[in-house]
Amino acid sequence: MRVLFLLLIIANLGLFAWHTQTQRMDQALLLGPQLVDEHTPPLLLLSELPKQAPPAEVPIPRESALQERPADPPP
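Residues numbered from 1 in each chain as written. Predicted model: local features only at pLDDT ≥ 70, side-chain atom pairs only at ≥ 80, totals over all residues. Heavy atoms only, no water.

Describing the overall build of the protein chain
When you go through the protein chain residue by residue, the secondary structure sums to one helix and zero strands. Across the 75 residues of the protein chain, 0% fall into the buried class. Put simply, the protein chain shows about 8700 Å² of open surface, and 67% of that area lies on carbon and sulfur atoms. (Helix = DSSP H or I, 4+ residues; strand = E, 2+ residues; numbered from the N terminus. Buried < 20%, exposed > 50% of the residue type's maximum accessible area, 1.4 Å probe, protein only. Areas by Shrake-Rupley, 256 points an atom, 1.4 Å probe, with all protein chains shown as cover.)

Below is the structure:
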């Protein structure tokens, strides 16, 4: 009986989530598309962008992976 109750609660939560999601979509459709003003730049594909030279790579000096251990203090 407890399992049936939990399944009904989960089904109700799922139905509630689905219902609220479809309401949001319906409201968005009623509002219509957003208008584009004259200050909005046009969409460009990546292939339409001007070709740029790749940035020059500057070699980064690396420290040696092996480093000397500091000397132990005298006893």
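Some details on helix α1 (residues 2–31)
For α1, with 30 residues, the first-to-last C-alpha span of 44 Å sits near the 44 Å given by 1.5 Å per residue. Two residues or fewer past α1, G32 is found with a positive phi of approximately 85 degrees. (Expected span 1.5 Å × (residues − 1).)

Quick look at a nonpolar patch on the surface
Together, F5, L6, I9 and L13 make up an exposed nonpolar region whose accessible area comes to about 400 Å². Here L13 lies in helix α1. (Patch = residues over 30% accessible without salt bridge, like charges linked within 9 Å, V, L, I, M, F, W, Y side chains within 5 Å. Salt bridge = Lys/Arg side-chain N within 4 Å of Asp/Glu carboxyl O.)

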